[in-house]
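Summary of structural features
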Amino acid sequence: MAVLSFGQALKDALDVAMSKDDSVFIAGEGVGVSIHYDPNLPTHGLLEKYGRKRVKDTPVSEAAIAGLGVGASALGLRPVVEIMFFPFITLAADMLVNHAAKLRYLSGGKSAFPLTVRVKAGVSFAAGCQHSHNLEAWLAHSPGLRVVFPSTAADAKGLLLSAIFDPNPVIVIEEMLLYWMKGEVPDGDHRIPIGKARVVIPGKDCTVVSYGGAVYTALEAAKTLSEEGISTEVIDLRSLVPLDKACLLDSVRRTGRLVVLHDATKFGGFGAEISAIVAEEAFDVLKAPIKRVAAPDIPVPVSPPQEMFNKPSPETVIAAVRATVGKG
Amino acid sequence: MGSQQVEVGLKKAMYEEMALIRRFEEKLIELSQEKGKLVGMQILAYGQEAVSVGIVKALEPDDVIVSNHRSHGHLLAKGADPKYLMAEIMGKATGVNKGKSGTLHMSVPEVNALMTTTIVGGGPPLAVGAAFAQQYRGTSNITVVFFGDGAAAEGSVHEAMNLAALWKLPVLFVCENNCWAGAQSLSEHCCLMDITRRAVGYGMPGELVDGNDVEKVFTLAKEMVSRCRNSQGPVLIEAKTYRIRGHGEHDHQHYVDKKELEAWARLCPVRCLRERMLADGLVTEGEIQVMDRQIEAKVDEAVRFASDSPYPLPEEALQDLWVEDGIPQQVAQ
């Protein structure tokens, strides 16, 4: 097992998939020759290894990039296309939401779209709200798309490999701030099944459900809380669609309390879905109202203190957990 | 490019296909007046049959087409069975897509009619992807995408053409310029009266053709398809034609100049070909009548089959969203 950065783990997944299967190619803006030169970036070095036939730098054309993926996957290739920043997915949204997601259904099950869309996400790098905007709830709300959101280097590799070999369209959300975070990563064709959550740390008083980089906010909160004698279970969903409802409900049945945490805005966010599922299916075990911790309903501001204010902090999670256990 | 270049057998086959498309759509007009028979909008390619048949006849069976909301002609020309299309248009379980697509989104991957999209301008980016797969695999197949003059206003069409030209992808872009985008005439939505003039901006050839003359469409398509097949990159063909029946059967065309409509109706591609074949002594009235009767019977049979078919069960709506295990055979090449 090697110690790799999150970005290198993603590259390892692309490398394994490309060496294993000739039908895998990658395309996007700067996936071959990038303005950034950093071995921690997920496509660094792949052009040198696989050449221009399989590593395709595209024009600045998100609709065409996504269309390339949808059309090529319809003929059985396994495209992995990159959308440079999450808000830019709105330019590719027609191809993803109206085509990748719906065309199999419209064909009555005759067609398939084994497409992977990698999208770079995250706040906290002062690029402003047209480069930082978490839209996972939009995608999860479109039937036909699978949505995964890894938080560790090993999961990044395992989920990306599963996405590439999944016969359905999968959106892989990569939180950029994690690219440089290191972790142990299994060698070879290591896959994490899509739709299986992970109990990051067990606990008995309250469940905190999260995904992506927000998992680390939850862990930091859990550490402080444990010093106060509050035992917090942290769940990393890893996959939003399909969702591991069993893991979520089992945890809430054990702890009787739920706090949902994400970096996206609160209103209509994915946390609302998690809360609703638990309210519908495990209301009887809840000892306190569910709490949601999320960004305020504003675009992501640039100025450092405001950007920090926008991102949910361990303190807000701690306050939410304390409130649910009656120690707020 | 004259009619002499199209040999007699092929000319008859083209007539038969155009007449089938016409009869099929005439039947839809009749049925759309019967309550409860068809579901949804009926958007016809009535008057545009020469483009469907002229282009598709220039293709090989393994070539791929991507269609749009005005798809009946493209799909029938590509060899889709009218029975299953009719059943789909009626929303029946035996429909080509089990009733999930209706008339607007039919796909028939078994004849390489890969997909139909009603998102105006959605077809070209998809076609670029399909053509990329053909080029990537080193096949000599090409992809044809049909779109309208209205769709030419979409940014996605620009992106697709730019990428196709840049990567020399084997795509034949076919703009069926039927002079209308909704209730807006060409001059109201486009400064250029010829969409094909845009081709030069992408670095690809752009060719204009009389879209009501199937022989001219076929002869040009044959030449352009061979160019695409030989790795010389994409081509834009603009076929000038006219939207005879309005946007759909619910559109009574109050905004259309009736004289203009009549003038185009006189250029009916089906009748023009029939009259030309008769004048040239290639067929007799009797032979035409036999062909027309066979077509009539085929369409009647399709209606019978579709009418007798059951609707799908409501809960079958839950099926076909995901691929559960492996990719279906017909697309996993």
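That block above? That's the structure.
Below: a short report on this structure.

1. With respect to the sheet that holds strand β13 (residues 258-265) of chain A
Residues and elements named next belong to chain A. Strand order in the open sheet made by the 5 strands is β9-β11-β10-β13-β14, with mixed pairing throughout. The sheet terminates laterally at β9 (198-201) and β14 (291-295), the two strands that pair on one side only. The sheet shows a mean angle of 25 degrees between the axes of neighbouring strands, direction not considered.

2. With respect to unusual backbone geometry
Between Val241(A) and the following residue, Pro242(A), the backbone shows a cis peptide bond with an omega angle of -5 degrees. Summarising the element assignment, Pro242(A) is placed in the loop between β12 (239-241) and α9 (245-255). Although it is not a glycine, Lys98(B) sits at a positive phi angle of roughly 60 degrees. Its place among the elements puts Lys98(B) in the loop between α4 (82-89) and β2 (113-117).

3. Structural notes on the environment of Glu174(A)
All names here are of chain A. Mapping glutamate 174 onto the fold places it in strand β7 (residues 170-175). C-alpha separation for the pair glutamate 174 and alanine 121, spaced 53 residues apart in sequence, amounts to 5.6 Å. With near-sequence residues (within four places) excluded, glutamate 174 lies in contact with Leu10, Pro42, Arg118, Val119, Lys120, Ala121 and Tyr179.

4. A word on the sheet that holds strand β2 (residues 24-28) of chain A
Residues and elements named next belong to chain A. Here we have 7 strands laid out as an open sheet, ordered β3-β2-β4-β5-β7-β6-β12, and mixed in their pairing. The open sheet terminates on both sides in strands that have one partner only, identified here as β3 (55-57) and β12. Averaged over all adjacent pairs, the angle separating strand axes in this sheet is 20 degrees, with direction ignored. Here 4 bridges tie strand β4 (residues 78-83) to strand β5 (residues 116-121), and the two strands are oriented parallel to one another. Looking at β5, one finds that valine 81 is bridged to valine 117. Lying on the sheet, helix α7 (residues 153-165) is in contact with β2, β4, β5, β6 (146-148) and β7; it crosses β5 at an angle near 145 degrees.

5. Overview of the nonpolar core
In terms of nonpolar packing, the biggest core is built from 122 residues, with Ile89(A), Ile171(A), Leu237(A), Ile274(A), Phe132(B), Phe147(B) and Phe173(B) touching the most fellow members. In terms of residue count, the dominant contributor to this core is helix α5 (residues 123-137) of chain B (8 residues). Not counting residues up to four positions away in its chain, the partners in contact with Leu237(A) are Lys196(A), Ala197(A), Val209(A), Ser210(A), Tyr211(A), Leu243(A), Phe270(A) and Ile274(A). Counting residues in each nonpolar core, the second largest holds 72 residues, with Leu10(B), Val225(B), Tyr242(B) and Ile288(B) among its members.

6. What to know about the environment of Lys102(A)
Residues and elements named next belong to chain A. Summarising the element assignment, lysine 102 is placed in the loop between α4 (89-100) and α5 (103-106). For lysine 102, a relative accessible area of 35% gives the class partly exposed. Along the primary structure lysine 102 and leucine 145 are separated by 43 residues, whereas in three dimensions their C-alpha atoms are 8.7 Å apart.

7. Side note on the packing of aromatic side chains
Inspection of every chain in the model, using the stated rule, returns 13 aromatic pairs over all chains. Measuring from ring centre to ring centre gives 6.3 Å for Phe6(A) and Tyr179(A), while their planes differ by 40 degrees; the resulting arrangement is tilted. Of the two residues, Phe6(A) is situated in helix α1 (residues 6-20) and Tyr179(A) in the loop between β7 and β8 (182-185); the sequence distance between them amounts to 173 residues. Across the pair, Tyr179(A) and Phe6(A) agree in class, each one buried. Put simply, the rings of Phe25(A), Phe132(B), Tyr136(B) and Trp167(B) pair up and form one aromatic cluster. Note that Lys53(A) overlies the ring of Tyr136(B), its terminal NZ or CZ placed 4.2 Å from the centroid. In this arrangement the basic side chain of Arg245(B) is found over the ring face of Tyr46(B), its NZ or CZ atom lying 6.0 Å from the centre.

Parameters at a glance
- Residues numbered from 1 in each chain as written.
- Chains lettered and ligands numbered in written order.
- Predicted model: local features only at pLDDT ≥ 70, side-chain atom pairs only at ≥ 80, totals over all residues.
- Heavy atoms only, no water.
- Pairing = 2+ DSSP bridges.
- Helix = DSSP H or I, 4+ residues; strand = E, 2+ residues; numbered from the N terminus.
- Axes fitted to C-alpha atoms, helices over the stretch in contact; angles between N-to-C directions.
- Contact = heavy atoms within 4.5 Å.
- Core = buried A, V, L, I, M, F, W, Y, C linked by side-chain atoms within 4.5 Å.
- Buried < 20%, exposed > 50% of the residue type's maximum accessible area, 1.4 Å probe, protein only.
- Phe/Tyr/Trp six-rings, centres within 6.5 Å; stacked < 30°, edge-to-face > 60°.
- Lys NZ or Arg CZ within 6 Å of the ring centre and 35° of its normal.

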